[in-house]
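Analysis of the macromolecular model
One-letter residues, chain by chain:
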Amino acid sequence: MSKPRAIEILNEVFGYPAFRGSQEEIVGTLAAGQSLLVLMPTGGGKSLCYQIPALMRDGVAVVVSPLIALMNDQVANLRTAGVHCAAVHSGTPPEETRQIAEDIATGRLKLLYVSPERLVTERFLRFLDHTAVSLFAIDEAHCVSQWGHDFRPEYRRLGLLAGRYPDIPRIALTATADAETRADIKHYLRLENAPEFVAGFDRPNIYYQVVEKNGGKKQLLQFVKRQNGESGIVYCLSRKKADDTAAFLNENGIAAAAYHAGMSMAEREAAQHRFTHEDGLVIAATVAFGMGIDKPDVRFVAHLDMPQSIEHFYQESGRAGRDGLPAESWLCYGLNDYALLRERIQTGGSGEFQKQIELQKLDAMFAVCETSECRRAALLRHFGETIPPCGHCDNCLHPPVRQDATENVRKLLSCIYRAGQRFGAGYITNILRGKADQWIRDNRHEQLSTYGIGANLSDKEWRGIIRQCIGLGYLETDPQHYHALRLTEAAVPVLKGSQTVLLRPPKREKGAERSPKET
Ligand code: ADP
Ligand code: ZN
């Protein structure tokens, strides 16, 4: 009897008419016995990528999963579809484990879910030595990496599978796809030569726009009013701001509710219930809001403050337009957000290595805010996907003009340098504009050669230049020293005059933001 084909299993066992995106290619590759790495966003359909090959190949597929709840979910789903499978973890009673071993021996069981700790025990490995294993699937593979948000040291030991079972194909799957995480997965899981499948991160129906903060809340109100009473989410950096924003929207005639971890369980459930069942409600929330919301028709996601990483931004903005209909992502950011987030990271509880990672993630997010290129291309590049300009984001539809700003940038960099790289944006701007306050006089900085050389520009214009210089990597802020501005390596050629710098000129005040509907 011939082996069932992938498409037949998809139709008959899982009841779906067609594969999604690169699922078919992935299934074919793994079923043919080749190891690979799959990067797909949450909800992209990773499970079928190994479940179908498990049914196509002889033996039992061993699936490593980090959480008992995830394993139980998968097992329940597969059993509904009539697939023989089981899970073994710390909570599995011994008699059940014995039954599972028997089912494997008789070839009845097609998939076995197991925790990483369990898998790498010598006892379990000895059992596998005498078992026909069809494939190894390593779910949530980013757990090997400290770049991810849930590092699990025992995941690193899974690399031993490559040496012990060289002929059994392995598939690693994750939704976290930045370059560092990918490199870690390949290294620790010994998938150096395995092909990578990166797919499905693009959300073509979301229109992305980023605006510079200029009174935040008012800008938000204008944006929400353009949404014609549709429901959406507004993310804020603090609980208090979420409360204030909900109140502010209500005062301005927009039905809104707050959601954050400072509220009681009952209050949170009530807010979530309203959001799911009422038309046109806006939720003003912290990052606490999101997990388990199943509302496909969220029409917009606004970020009133800059998120701490591209991953956060992507996940949060991705809650818009799950139904595939047009939706908007709107992000409002300022230099203060950036400085505040840096400070949070520095004063937070993470170890030094982790802090460095978090700071780099923050810089990557800031660079997306500052970029003049296609937003979608910039976001997707972070996840390893390359696309041409999308034609459907703010920068594609209204390409920012850029002008030679080398002279002003040099004034700024040299002023920061001469003042000793110990001061923040406000202080430096005052020197440039020749506005000596007591602090500047105490430091005798009104005697610097750069004092007053930037009087031709306003405070706001200087702040715009400073922000862009951070985004372009010429400057960084020192969170341990009152957000002092410091030059980076990249600033040297600019200071020496061997490099020109193109910047966006200051924004037009009115009508600076346009929705896609107006174009
Ligand atoms: P992930 O693990 O990537 O987050 P899942 O494997 O849980 O995603 O799949 C998300 C949802 O998409 C599930 O409900 C799954 O049944 C469904 N799905 C996956 N592939 C297909 C497909 N080819 N056609 C229809 N639905 C699919
Ligand atoms: Zn674009």
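Shown above is the structure to which this text applies.
Here's what I pulled together on the structure shown here. These numbers come from a predicted model, not from an experiment.

Our focus in this paragraph is the packing of aromatic side chains. All told, the structure shown has 15 aromatic pairs when counted by the stated rule. With a centroid separation of 5.4 Å and an interplanar angle of 45°, the aromatic rings of Phe 136 and Tyr 165 are classed as tilted. Taken together, the residues span a long stretch of sequence, with Phe 136 in strand 5 (residues 133–138) and Tyr 165 in the loop between helix 9 (160–164) and strand 6 (170–174) at a distance of 29 residues. Take Tyr 165: its relative accessible area is 8%, and that puts it in the buried class. Between Phe 423 and Trp 439, the ring centres sit 5.6 Å apart and the planes meet at 70°, which makes this aromatic pair edge-to-face. Residue Phe 423 is located in the loop between helix 19 (406–418) and helix 20 (425–433), and its partner Trp 439 is located in helix 21 (residues 438–442); the two are separated by 16 residues in the primary sequence. Classification of Trp 439 by relative accessible area gives partly exposed; the value is 48%. Above the ring of Phe 275, the side-chain terminus of Lys 295 is found at 5.4 Å from the ring centroid.

Donor atoms from the polypeptide that bind the zinc ion (ligand 2) are Cys 374 (SG), Cys 390 (SG), Cys 393 (SG) and Cys 396 (SG), placed at 2.3 to 2.4 Å. One can describe the donor arrangement at the zinc ion (ligand 2) as tetrahedral, given that its four donor atoms subtend angles of 100 to 118° at the metal. One chain supplies every donor to the zinc ion (ligand 2), and in sequence these donors are spaced C-x15-C-x2-C-x2-C.

Taken together, 13 residues are adjacent to ligand 1, and Tyr 16, Gln 23, Gly 43, Lys 46 and Ser 47 come closest. Between an oxygen atom of ligand 1 and a side-chain N or O atom of Tyr 16, the distance comes to 2.4 Å. Measuring from an oxygen atom of ligand 1, one finds a side-chain N or O atom of Arg 20 at 3.2 Å. Considering ligand 1 on its own, with 560 Å² of exposed area, one finds that the protein chains cover 69% of that surface.

To continue, consider the sheet that holds strand 9 (residues 232–235). Pairing in this open sheet of six strands is parallel, and the strands run 8-13-12-9-11-10 from one edge to the other. A single partner strand is all that each edge strand has here, and the edge strands are strand 8 (206–212) and strand 10 (256–259). Between one strand axis and the next, the sheet turns through 15° on average, direction left out of account. Taken together, the four bridges between strand 12 (residues 300–303) and strand 13 (residues 327–333) define a ladder with parallel strand orientation. Counterpart to Val 301 in the pairing with strand 13 is Ser 329. Helix 11 (residues 217–225) rests against strand 8, strand 9, strand 11 (282–285), strand 12 and strand 13 of the sheet, and its axis sits at about 170° to strand 13. Strand contacts of helix 13 (residues 265–277): strand 9, strand 10 and strand 11, with the helix running at about 140° to strand 10, the strand carrying the most contacts.

Within the fold, Thr 174 resides in strand 6. Of note is the side chain of Thr 174, whose polar atom sits 2.8 Å from the side chain of His 142.

Next up on the list: the pattern of salt bridges. Inspection of every chain in the model, using the stated rule, returns 28 salt bridges. Residue Arg 381 is joined to Glu 373 by a salt bridge in which the shortest nitrogen-to-oxygen separation is 2.5 Å. For Lys 435, the salt bridge goes to Asp 459, with nearest N and O atoms at 3.5 Å. Here Asp 459 lies in helix 22 (residues 459–471) and Lys 435 lies in the loop between helix 20 and helix 21, a separation of 24 residues in the sequence. Its relative accessible area of 30% is what places Asp 459 among the partly exposed residues. One connected set of salt bridges, linked through shared partners, spans Glu 212, Glu 370, Arg 467 and Arg 504.

Thresholds applied
- Residues numbered from 1 in each chain as written.
- Chains lettered and ligands numbered in written order.
- Predicted model: local features only at pLDDT ≥ 70, side-chain atom pairs only at ≥ 80, totals over all residues.
- Heavy atoms only, no water.
- Phe/Tyr/Trp six-rings, centres within 6.5 Å; stacked < 30°, edge-to-face > 60°.
- Helix = DSSP H or I, 4+ residues; strand = E, 2+ residues; numbered from the N terminus.
- Buried < 20%, exposed > 50% of the residue type's maximum accessible area, 1.4 Å probe, protein only.
- Lys NZ or Arg CZ within 6 Å of the ring centre and 35° of its normal.
- Donors = N, O, S within 2.8 Å, 3.2 Å for Na, K, Ca; no water.
- Tetrahedral: all angles 85-135°; square planar, octahedral: opposite > 155°, others 65-115°.
- Near = heavy atom within 4 Å.
- Polar contact = N/O pair within 3.5 Å; in protein donor to acceptor, adjacent residues only side chain to side chain.
- Areas by Shrake-Rupley, 256 points an atom, 1.4 Å probe, with all protein chains shown as cover.
- Pairing = 2+ DSSP bridges.
- Axes fitted to C-alpha atoms, helices over the stretch in contact; angles between N-to-C directions.
- Contact = heavy atoms within 4.5 Å.
- Salt bridge = Lys/Arg side-chain N within 4 Å of Asp/Glu carboxyl O.

The values reported here are purely geometric and, on their own, carry no functional implication.
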